[in-house]
Amino acid sequence: MLSPVMEDYLKAVYQLGDDEVRTSELAEHLDVSQPTVTNMLEKLDERGLVEREKYKGVTLTEEGRTVAVEVVRHHRLIEAYLAEALDYDWSEVHDEADRLEHHISEEFEERVAAALDDPERDPHGAPIPGADLEPPEEDGETLDTLEEGDAVVVERVEDDDAEVLRYLDEHGVVPGAKVEVAEVAPFGMITVRTDDEEVALPDEVARSVVVEAAQKPV
């Protein structure tokens, strides 16, 4: 049986791209020291959950990826349940789901999915992996890569910063919203126009907003 910490490492590798993720990236993502990461990766390697290549990075094995996707499924199902059944704000569900994702049974997972009619996305627009644990498609452009005049639809928003989520919600930059890039400043700021207003977003915030492919002006 894997510990919650082991599952957290596998999920982190998956979220960082599952393609030769470096120790330094994992340390920053998990807010731990590099020696701590190295020690854990050795344990995961011994269990056949990751493959390590010196000086290059770590990738998930097929078994490790399955574990990671299942944890992601638990997390996003819990977020959806908290938002829909218990009326949590979308800025509150991430931390709760982080605490619960390692501890629910398969029966509980199935019941939550059934109660929500097998939702496809969590409150932040992220795809919920199916019961078959096939990794969902999660590619997409982010707002910080767009140009003035681009018109897009918000697909999903990164869920780990409650303050950013509250700010985006307040200004209508939420999944399904149509936005147009009004201005791209040379100093790390992008202004987008929603139905109701214009809102300026620092690059680090715009980078957390994933959109459908931009429609270029004719």
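A. Spotlight on the overall build of the protein. When helices and strands are tallied, the protein shows eight helices and eight strands. Rg of the C-alpha trace for the protein: 19 Å, near the compact-globule value of 17 Å for 218 residues, within the 12% margin. Principal axes of the C-alpha set define a box for the protein whose edges measure 55 × 45 × 30 Å. Going through the 218 residues of the protein one by one, you find that 42% of them count as buried. Counting only contacts in the protein whose residues sit at least 6 apart along the sequence, the fraction spanning at least 24 positions is 62%. Of the roughly 12200 Å² of accessible surface on the protein, 44% is carried by carbon and sulfur atoms. Averaging the locations of the 19 positively and 60 negatively charged side chains of the protein gives two centres separated by 5 Å.

B. The arrangement of the packing of helix α4 (residues 62-85) against helix α5 (residues 93-100) in detail. Where α4 meets α5, the closest approach of the two axes is 9 Å, and the angle between their N-to-C directions is 130°. With respect to each other, α4 and α5 are oriented oblique. For the element pair α4 and α5, the recorded crossing hand is right-handed. Between α4, through H75, I78, E79, L82 and A83, and α5, the contact on the second element is made entirely by V93, H94, E96, A97, D98 and L100. Its residues assigned to classes, the contact of α4 with α5 shows six nonpolar, two polar and three charged.

C. Quick look at the layout of surface pockets. By volume, the largest pocket amounts to about 1100 Å³. What lines the largest pocket is a set of 33 residues, among which Q15, H29, E158, D159 and D160 lie closest to the centre. The dominant element in the lining of the largest pocket, judged by the number of residues it contributes, is helix α1 (residues 4-15), at five residues. Among the residues forming the lining of the largest pocket, the class breakdown is ten nonpolar, eight polar and 15 charged. Both domains that furnish three or more residues to the lining of the largest pocket are identified here as domain 1 (4-60) and domain 2 (141-213). As a volume, the second largest pocket reaches approximately 240 Å³. Around the second largest pocket sit 14 residues that line it, and M1, L2, E7, H74 and H102 are the ones nearest its centre. Put simply, the parts of the chain that give the lining of the second largest pocket at least two residues each are α1 and α4. Counted by class, the lining of the second largest pocket contains six nonpolar, four polar and four charged residues.

About the criteria used
- Residues numbered from 1 in each chain as written.
- Predicted model: local features only at pLDDT ≥ 70, side-chain atom pairs only at ≥ 80, totals over all residues.
- Heavy atoms only, no water.
- Helix = DSSP H or I, 4+ residues; strand = E, 2+ residues; numbered from the N terminus.
- Rg over C-alpha atoms; globule rule 2.2 N^0.38 Å.
- Buried < 20%, exposed > 50% of the residue type's maximum accessible area, 1.4 Å probe, protein only.
- Contact = heavy atoms within 4.5 Å.
- Areas by Shrake-Rupley, 256 points an atom, 1.4 Å probe, with all protein chains shown as cover.
- Lys, Arg positive; Asp, Glu negative; His and termini not counted.
- Charge placed at Lys NZ, Arg CZ, Asp CG, Glu CD.
- Axes fitted to C-alpha atoms, helices over the stretch in contact; angles between N-to-C directions.
- Parallel < 35°, antiparallel > 145°, perpendicular 65-115°, else oblique.
- Left-handed = near helix turned anticlockwise from the far one by under 90°.
- Nonpolar A, V, L, I, M, F, W, Y, C, P; charged D, E, K, R; others polar.
- 1 Å grid on protein atoms, 1.4 Å probe; cavity = no way out; pocket = protein on both sides within 12 Å on 5 of 7 lines; lining within 4 Å.
- Points joined across faces, edges and corners; volume = space filled by probe spheres on them.
- Domains from an automatic or database assignment.

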